[in-house]
Each structure stands twice: as C-alpha cells, then as structure tokens.
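Residue-level structure breakdown
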Amino acid sequence: MRENNLYNKGIDLFNAGRLEESLKYFKEELKKDEDNYYLYYWIGLAYRHLEDFDKAIKYTKKSIDLNPKVEFSYLNLGICLQLQDNFKEAIEAFNIAIKINNYLTTAYNSLGLTYKKMGNFKKALEIYTKAIEVLFDNMCNNLSENQIRKLVPHEDVDSEKIYALHKIEDLLDSIKL
C-alpha cells in the first residue's frame, strides 16, 4: 500500500474490490476531516458498487454540497439515480457533469443509456453521436499537426474531420438500438 494513512488504505482496498473494508477506512478518516468532499465521493462510490443506492446518493450529494465543481460526483449521482429509474434527476446530474467537463465521455454514455432505458432511442442516438464527436475531437486535439497530416494528408483537416463524423453518423444510423 502507499502512504500509511486511512484514506490511501481505503483507496487500495476499494481498488482490490474489498468495498466493505474500504468503507471502514474512509469513514474513520472522515472523523478527522469531515469536510473532505473527496472522502464523501469515495464512500458514495463504494456504496454504489455495493448497490446500496440510497446511501450512495446520500454521500455523493454531501460531496457535491462541499464541492459542486467535481464532475465525477455528478456522474456517480446520475448513475445511482438511473439505476433507481429516477431518469429525470439522472439526466440533470449527467448534464451538470458534462457542463463541468465537456470531455467526460462516460457521462455522455450514461446519459445516452438513460434515454435508451426511457425508450427515447432518437435522443439516445443523438447523445451517443455527440460522445463520439467529443471523443474524436479530444483525440485530434491531442495529436500533433504532423500526426494529423499522416492520418489526413489533405490541406483542409477540418473538412476531413467532418467527413469522418458523417461516416460515423451513417454507421450509427445503420445500428438498431
């Protein structure tokens, strides 16, 4: 394990799948630092994985109250709400996560899945298409100009991006949800 403190032991146990044990360490550390939004996030995440959604929501909302600028807290909240079939609030949480971090493709995926569960396949496809656009954009933004030129040997890179996105949209249109 890393440093010998309760928080890191909790993280290590969580990552090892020992969720109940991780909760003990997180909660013990919380006694020392009751305003630590990150501890509330991890406790909420552990409860979500244990499928105790009411507790997961409680701790995740406390994390959000302490720091409303953390996209992963909204993502966790949205997933818990979605798993309880509380789609309206789940959609709100996912949209906030995306507003905070437009590149959080997991939030787009969860949002699309929520619309799919609601039977709104058109909206689900729209969200999935947006996720692919964001992912593609993010990948292109992380490539150097020389790397892009190797992939797209034309002068007008932006039109090539658009062409690729249209091909992806065509593929998605052919998929039955």
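A short tour of the structure in this document, coming up. (Residues numbered from 1 in each chain as written. Predicted model: local features only at pLDDT ≥ 70, side-chain atom pairs only at ≥ 80, totals over all residues. Heavy atoms only, no water.)

1. Some thoughts on the overall build of the protein
- A count of helices and strands for the protein gives 10 helices and zero strands.
- Of all intrachain contacts in the protein linking residues separated by at least 6 positions in sequence, the fraction that spans at least 24 positions is 45%.
- Roughly 10800 Å² of accessible area belongs to the protein as shown, and the carbon and sulfur atoms make up 50% of that amount. (Helix = DSSP H or I, 4+ residues; strand = E, 2+ residues; numbered from the N terminus. Contact = heavy atoms within 4.5 Å. Areas by Shrake-Rupley, 256 points an atom, 1.4 Å probe, with all protein chains shown as cover.)

2. Focus on the packing of aromatic side chains
- The tally for this structure, following the rule as stated, stands at 10 aromatic pairs.
- Between the aromatic rings of Tyr7 and Tyr38, the centroid separation amounts to 6.1 Å while the plane-to-plane angle is 40°, which identifies the pairing as tilted. Here Tyr38 lies in helix H3 (residues 37-49) and Tyr7 lies in helix H1 (residues 6-15), a separation of 31 residues in the sequence.
- Among the residues examined, Tyr38 registers a relative accessible area of 35% and is labelled partly exposed.
- Through pairs of rings, three or more aromatic residues link up here, namely Tyr7, Phe14, Phe26, Tyr37, Tyr38, Tyr41 and Trp42.
- Note that Lys62 overlies the ring of Tyr40, its terminal NZ or CZ placed 5.9 Å from the centroid. (Phe/Tyr/Trp six-rings, centres within 6.5 Å; stacked < 30°, edge-to-face > 60°. Buried < 20%, exposed > 50% of the residue type's maximum accessible area, 1.4 Å probe, protein only. Lys NZ or Arg CZ within 6 Å of the ring centre and 35° of its normal.)

3. Looking at the environment of Thr129
- Examined against the element boundaries, Thr129 turns out to sit in helix H8 (residues 121-141).
- The sequence separation of Thr129 and Asn109 amounts to 20 residues, and the corresponding C-alpha distance is 9.9 Å.
- Reaching out from Thr129, the side chain makes a polar contact with the backbone oxygen of Leu125 at a distance of 2.8 Å. (Polar contact = N/O pair within 3.5 Å; in protein donor to acceptor, adjacent residues only side chain to side chain.)

4. Quick look at the packing of H1 against helix H2 (residues 19-32)
- Where H1 contacts H2, the axes come no closer than 8 Å and their chain directions differ by 160°. Taken as axis vectors, H1 and H2 run roughly antiparallel relative to one another. At the point where H1 passes H2, the crossing takes the left-handed sense. Taken together, the residues of H2 that come into contact with H1 (itself represented by Leu6, Tyr7, Lys9, Gly10, Ile11, Leu13 and Phe14) are Leu19, Glu21, Ser22, Tyr25, Phe26, Glu28, Glu29 and Lys32. (Axes fitted to C-alpha atoms, helices over the stretch in contact; angles between N-to-C directions. Parallel < 35°, antiparallel > 145°, perpendicular 65-115°, else oblique. Left-handed = near helix turned anticlockwise from the far one by under 90°.)

5. Details of the packing of helix H5 (residues 71-83) against helix H7 (residues 105-117)
- Relative orientation of the contacting elements H5 and H7 amounts to 15°, with a least axis distance of 10 Å. For the element pair H5 / H7, the angle class is roughly parallel. Here H5 runs over H7; the crossing is left-handed. Note on element contacts: H7 touches H5 through Thr106, Ala107, Ser110, Leu113, Thr114 and Lys117, opposite Leu75, Ile79, Gln82 and Leu83.
- Tallied by class, residues from the contact of H5 with H7 come to five nonpolar, four polar and one charged. (Nonpolar A, V, L, I, M, F, W, Y, C, P; charged D, E, K, R; others polar.)

6. Details of the environment of Lys130
- Position of Lys130 among the secondary structure elements: in helix H8.
- Among the residues examined, Lys130 registers a relative accessible area of 35% and is labelled partly exposed.
- When the C-alpha positions of Lys130 and Gly112 are compared, they lie 9.7 Å apart, and in sequence the two are 18 residues distant.

Honestly, that's just the spatial picture; any functional story needs more than this.
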